[in-house]
Amino acid sequence: MLKLYITKLKPSEKPHDAAMRALDKAIFELCGKRATDYKIDKTRLGKPFFADCEKIKFSLSHSGEYAAAAVADMEVGVDSERVRPVSARVVQRFLSGIVAGSSDEDIIEAWCKKESYGKFVGTGLVGADFSKPHFMLVFDCIPGYKIAVCSAKEQTAEIVVF
């Protein structure tokens, strides 16, 4: 089971609050409870998880006007990014050897893949070396954005945009 909930930020809403709203909708539709009914804790490296519900895994992301929550029955990572120019220095430092092209879309897609993998394994961007077996999905469901979801096995994702 893999579900991706994407929402547009409300006026004056903080990006993290929009991501939590997406998570809340996902958990309610999945379990009939609110995300706030569970205790959210973080690993030593900062990966959030439900401390009192091991069967549900989640990951949050936000960029520009959108926020996303990926919810699964296994470890998962999500990253969403607005397509925009990225400096050559940043590309060289973080994406060397993994960018499939030179367009802004290619670069942002590579960034999303690396970031979602880092969230999947719990190391963040810097520790994202792609050494652990994984499966990657990339979505273009929001114009001008790329969204990548990384999980342990091949599966389809149900996408809910609200």
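Residues numbered from 1 in each chain as written. Predicted model: local features only at pLDDT ≥ 70, side-chain atom pairs only at ≥ 80, totals over all residues. Heavy atoms only, no water.

Q: Tell me about unusual backbone geometry, and please be specific about residues and values.
A: Although it is not a glycine, S12 sits at a positive phi angle of roughly 65°. Tracing the sequence through the fold places S12 in the loop between β1 (2-8) and α1 (15-31). Under the relative-accessibility criterion, S12 is labelled exposed at 81%. With a phi close to 60°, F130 is a non-glycine residue in the positive phi region. Assignment of secondary structure puts F130 in the loop between α3 (104-121) and β7 (135-139). Of the residues examined, F130 reaches a relative accessible area of 27% and is grouped as partly exposed. (Helix = DSSP H or I, 4+ residues; strand = E, 2+ residues; numbered from the N terminus. Buried < 20%, exposed > 50% of the residue type's maximum accessible area, 1.4 Å probe, protein only.)

Q: Explain the layout of surface pockets residue by residue, including any values.
A: Taken as a whole, the largest pocket spans an internal volume of roughly 240 Å³. In terms of lining residues, the largest pocket is bounded by 18 residues, among which G46, P48, L60, E115 and K119 are the most central. Going through the elements one at a time, β4 (57-63), β6 (76-82) and α3 are the ones with two or more residues in the lining of the largest pocket. With 5 residues, the top contributor of residues to the lining of the largest pocket is β4. (1 Å grid on protein atoms, 1.4 Å probe; cavity = no way out; pocket = protein on both sides within 12 Å on 5 of 7 lines; lining within 4 Å. Points joined across faces, edges and corners; volume = space filled by probe spheres on them.)

Q: Tell me about empty space enclosed by the protein, and please be specific about residues and values.
A: Scanning all chains against the criterion turns up 1 cavity of 30 Å³ or more. Here the largest cavity is characterised by a volume of approximately 30 Å³. What lines the largest cavity is I6, Y66, A67, A68, S80, I142, Y145 and I147. Only β5 (66-72) and β8 (145-151) provide two or more residues apiece to the lining of the largest cavity. Tallying contributions element by element places β5 first for the lining of the largest cavity, with 3 residues. Looking at side-chain class alone, the lining of the largest cavity contains 7 nonpolar, 1 polar and no charged residues. (Nonpolar A, V, L, I, M, F, W, Y, C, P; charged D, E, K, R; others polar.)

Q: Provide a residue-level description of the state of the cysteines, including the pertinent values.
A: For the structure on display, the rule yields 0 disulfides. Summary of cysteine pairing: C31 is not part of a disulfide, and the nearest cysteine sulfur, belonging to C53, is at 6.0 Å. By relative accessible area, which is 29% here, C31 ends up partly exposed. Here C150 is not cross-linked by a disulfide; its sulfur's nearest cysteine counterpart is in C112, at 12 Å. (Disulfide = S-S within 2.5 Å.)

Q: Give a description of the packing of aromatic side chains that names residues and reports values.
A: Taken as a whole and judged by the stated rule, the model has 6 aromatic pairs. Where F50 meets F58, the ring centres are 4.6 Å apart and the plane angle is 45°; that geometry is what we call tilted. As far as the burial class goes, F50 and F58 line up, both buried. Here the aromatic rings of F94 and W111 are separated by 5.6 Å at their centres, their planes lie at 75°, and the arrangement is edge-to-face. Remark: W111 occurs in helix α3 and F94 occurs in helix α2 (residues 88-95); sequence separation between them is 17 residues. (Phe/Tyr/Trp six-rings, centres within 6.5 Å; stacked < 30°, edge-to-face > 60°.)

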